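Descriptive structure summary
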Amino acid sequence: MSRVLVIGCGGVASVAISKCCQVSEVFTELCIASRTKSKCDELAAKLAPKTATKITTAQVDADKVDELIALINGYKPDLVMNIALPYQDLTIMDACLACGVNYMDTANYEPEDTEDPEWRAIYEKRCKEAGFSAYFDYSWQWAYRKKFEDAGLTALLGCGFDPGVTQAYCAYAKKHEFDTIDTIDILDCNGGDHGYPFATNFNPEINLREVSAPGSYWENGHWVEIPPMTIKREYDFDQVGRKDMYLLHHEEIESIALNIPEARRIRFFMTFGQSYLTHMKCLENVGMLSTTPILFEGHEIVPIQFLKALLPDPASLGPRTHGKTNIGCIFTGKKNGQAKTYYIYNVCDHQECYREVGSQAISYTTGVPAMCGALMLLTGKWTTKGVHTVEEFDPDPFLDALDKYGLPRSENRAPALVD
Ligand code: NDP
């Protein structure tokens, strides 16, 4: 029996909300609040006839802490699920602290305006000290650890697939498969085809920022940064086949390096087709990926936001996308003194997701873990107070929930390794 407030009603939130409505015995009441209330109303109307969960909707600008506080105090939820954008992480955490409510999200904080001088000064210092230059990192949210602990509240960070399930896979490998882990390769393969020459599978602004940034990996206790897309490998993915994949910086590397300190090397690879890369390079070269506002015919516009308006809405790709995703982690290490390897992954079919919840697999593979993370917090399986990432919690009930609610694991004890 719980009341949950979901903030955001885009591609990922729609899946998470649909899944919550399949578990009405836990998610008894749900409020969907977002910037555009009509989207919340539309989803609520679609789900209401099929669920016992009591759904209400609200309008909120999650950049404004006062508005959030009024909404949370009015609804009195047990948990706030932030499935808006990473830009809103800190304002929503502030509001949760002010109202004494647990918090979770699916991506770590990054600022909308990367030219803000105050933010930039802290960012540039971090780039020098830490050795990676991504706009996002955990420091902003880890700074809330003591506040959440003192308030007796939990903030669960990054509970999608990657970040999220990939960290649960790490915790599972550490708990059941290895005494010590030597290397971790996270492989994210999307073998889906939506038929458009160019579209992103989740929020274009967040996606293109991530992909066009320098790559980096963790090795021997420090970051190694490389120019974007300069480490390429080919891998033969179960049920998908051979794909080119590229090394990217990814947020969970930072927390895994902290929580599994013996790991000598941690890398993240994502598959991309040549058409995607060529379009992205071209858009970048002409300045369309810029977040700096420009004046156009008397109006101020942000190029990447204008591009977002032109690109297909990721939430609309569901009916067109065919094929499968395969996301997981390959580990090397030792058990009982013996060297061993282990691969744990999930394969998800775009069309099956569409038939079930009307969305493609990228939103599905993020929205289902968000629901399962909420389930862990609401049913008392994950209770540690403070600000935590997924690998800090017991992976067993979470992976069991994923098996049950649509993202079952597969295992391979003799996988091909990535050189
Ligand atoms: P969308 O752009 O589809 O949806 C974002 C939603 O947030 C929209 O409903 C939008 O409202 C709402 N929103 C944006 N700004 C505000 C605001 N100021 N106040 C209130 N609501 C706001 O994004 P996705 O669903 O694709 O992504 C959601 C999150 O999931 C992102 O943080 C993304 O980084 C993360 N993600 C995580 C993954 C993982 O594996 N961990 C993978 C993929 C995504 P409006 O309709 O008005 O635009």
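Bear in mind that the values here come from a model prediction, so they are computed numbers and not experimental data. (Residues numbered from 1 in each chain as written. Predicted model: local features only at pLDDT ≥ 70, side-chain atom pairs only at ≥ 80, totals over all residues. Heavy atoms only, no water.)

What follows deals with the overall build of the chain. In terms of helices and strands, the chain carries 15 helices and 18 strands. Relative to a compact globule of 419 residues, whose C-alpha radius of gyration would be 22 Å, the chain shows 20 Å and is just as compact. Seen through its C-alpha atoms, the chain measures out along the principal axes to roughly 55 × 55 × 45 Å. A separation threshold of at least 6 residues defines the contact pool for the chain, and within that pool the share at least 24 residues apart is 74%. When the accessible surface of the chain is summed, it comes to about 16900 Å², and 51% of that surface belongs to carbon and sulfur atoms. Computed over 40 positive and 57 negative side-chain charges, the separation of the two mean positions in the chain equals 4 Å. (Helix = DSSP H or I, 4+ residues; strand = E, 2+ residues; numbered from the N terminus. Rg over C-alpha atoms; globule rule 2.2 N^0.38 Å. Contact = heavy atoms within 4.5 Å. Areas by Shrake-Rupley, 256 points an atom, 1.4 Å probe, with all protein chains shown as cover. Lys, Arg positive; Asp, Glu negative; His and termini not counted. Charge placed at Lys NZ, Arg CZ, Asp CG, Glu CD.)

Side chains of nonpolar character tend, in soluble globular proteins, to be buried together. Counting residues in each nonpolar core, the largest one holds 94 residues, and the members touching the most others are F27, M81, F331 and F398. Examining the composition of this core, we find that ten residues originate from one element, helix α14 (residues 361-378), more than from any other. Apart from the residues within four sequence positions on either side, M81 is in contact with V4, L5, V6, I7, A16, C20, M104, A370, M371 and A374. (Core = buried A, V, L, I, M, F, W, Y, C linked by side-chain atoms within 4.5 Å. Buried < 20%, exposed > 50% of the residue type's maximum accessible area, 1.4 Å probe, protein only.)

The next subject is the site of the ligand. Not every one of the 28 residues close to the ligand is listed here, only the nearest: R35, T36, K39, A62 and N203. Note that an oxygen atom of the ligand is positioned 3.0 Å from one of the backbone N or O atoms of D162. Measuring from an oxygen atom of the ligand, one finds a side-chain N or O atom of N203 at 2.7 Å. When the free accessible area of the ligand is taken as 930 Å², the share hidden by the protein chains comes to 94%. Of the residues that constitute the shell around the ligand, the class distribution is 13 nonpolar, ten polar and five charged. (Near = heavy atom within 4 Å. Polar contact = N/O pair within 3.5 Å; in protein donor to acceptor, adjacent residues only side chain to side chain. Nonpolar A, V, L, I, M, F, W, Y, C, P; charged D, E, K, R; others polar.)

In the structure shown here, the tally under the stated rule is 26 salt bridges. In this structure, D61 and K64 form a salt bridge, with 3.2 Å as the shortest nitrogen-oxygen distance. Residue class for K64 comes out partly exposed when judged on its relative accessible area of 45%. Among the ionic pairs, E110 bridges to R209, the shortest N-O distance being 2.6 Å. Of the two residues, E110 sits in the loop between β5 (102-105) and α5 (117-130) while R209 sits in helix α9 (residues 204-211), which places them 99 residues apart along the sequence. There is no split in this pair, since E110 and R209 are both buried. Salt bridges sharing partners connect three or more residues here, namely E177, K340, E411 and R413. (Salt bridge = Lys/Arg side-chain N within 4 Å of Asp/Glu carboxyl O.)

A separate point is the sheet that holds strand β3 (residues 54-59). One open sheet holds the seven strands; their spatial order is β3-β2-β1-β4-β5-β6-β17, and the pairing between them is parallel. The open sheet has two free edges, formed respectively by β3 and β17 (386-389), since each of these has just one partner strand. Across the sheet, the mean angle from the axis of one strand to that of its neighbour is 20°, orientation sign disregarded. One ladder, built from six bridges, connects strand β2 (residues 27-34) with β3; its direction is parallel. Pairing of L30 across the sheet is with I55, part of β3. (Pairing = 2+ DSSP bridges. Axes fitted to C-alpha atoms, helices over the stretch in contact; angles between N-to-C directions.)

Before going further, it helps to examine the packing of aromatic side chains. Under the counting rule described, the total for this entry stands at 19 aromatic pairs. An angle of 75° between the planes, with centres 5.6 Å apart, marks the rings of W218 and W223 as edge-to-face. Aromatic side chains Y235 and Y343 sit 6.2 Å apart centroid to centroid with 85° between the ring planes, which places their arrangement in the edge-to-face category. Highlighted residues: Y235 in strand β10 (residues 232-237) and Y343 in strand β16 (residues 338-349), separated in sequence by 108 residues. The exposure classification of Y235 matches that of Y343, with both residues buried. Between the NZ or CZ atom of R3 and the centre of the ring of Y75, over which it lies, the distance is 4.2 Å. The ring of F178 carries K340 above its face, with NZ or CZ at 5.2 Å from the centroid. (Phe/Tyr/Trp six-rings, centres within 6.5 Å; stacked < 30°, edge-to-face > 60°. Lys NZ or Arg CZ within 6 Å of the ring centre and 35° of its normal.)

The buried fraction of strand β7 (residues 180-190) is high, at nine of eleven residues. Across ten bridges, the pairing between β7 and strand β15 (residues 324-335) is antiparallel. For I184, the partnering residue across the bridge sits in β15 and is F331. Bridge analysis of β7 against strand β12 (residues 265-271) gives six bridges, and the strand direction is parallel.

We now examine helix α2 (residues 37-47). Within the sequence span of α2, burial applies to C40, L43, A44 and L47. Burial along α2 is one-sided: seen end-on, the buried residues are contained in an arc of 100°. Turned more than 90 degrees from where α2 packs its buried face, E42 and A45 sit exposed. Where α2 is buried, its residues contact α1 (11-20), β2 and β3. (Arc of directions from axis to C-beta.)

A few words now on unusual backbone geometry. In this structure, the amide linkage connecting D162 to the following residue, P163, adopts the cis form with an omega of 10°. Look at Q239: it is not a glycine, yet its phi comes out positive at around 65°. With respect to the helices and strands, Q239 occurs in the loop between β10 and β11 (241-247). For Q239, a relative accessible area of 48% gives the class partly exposed.

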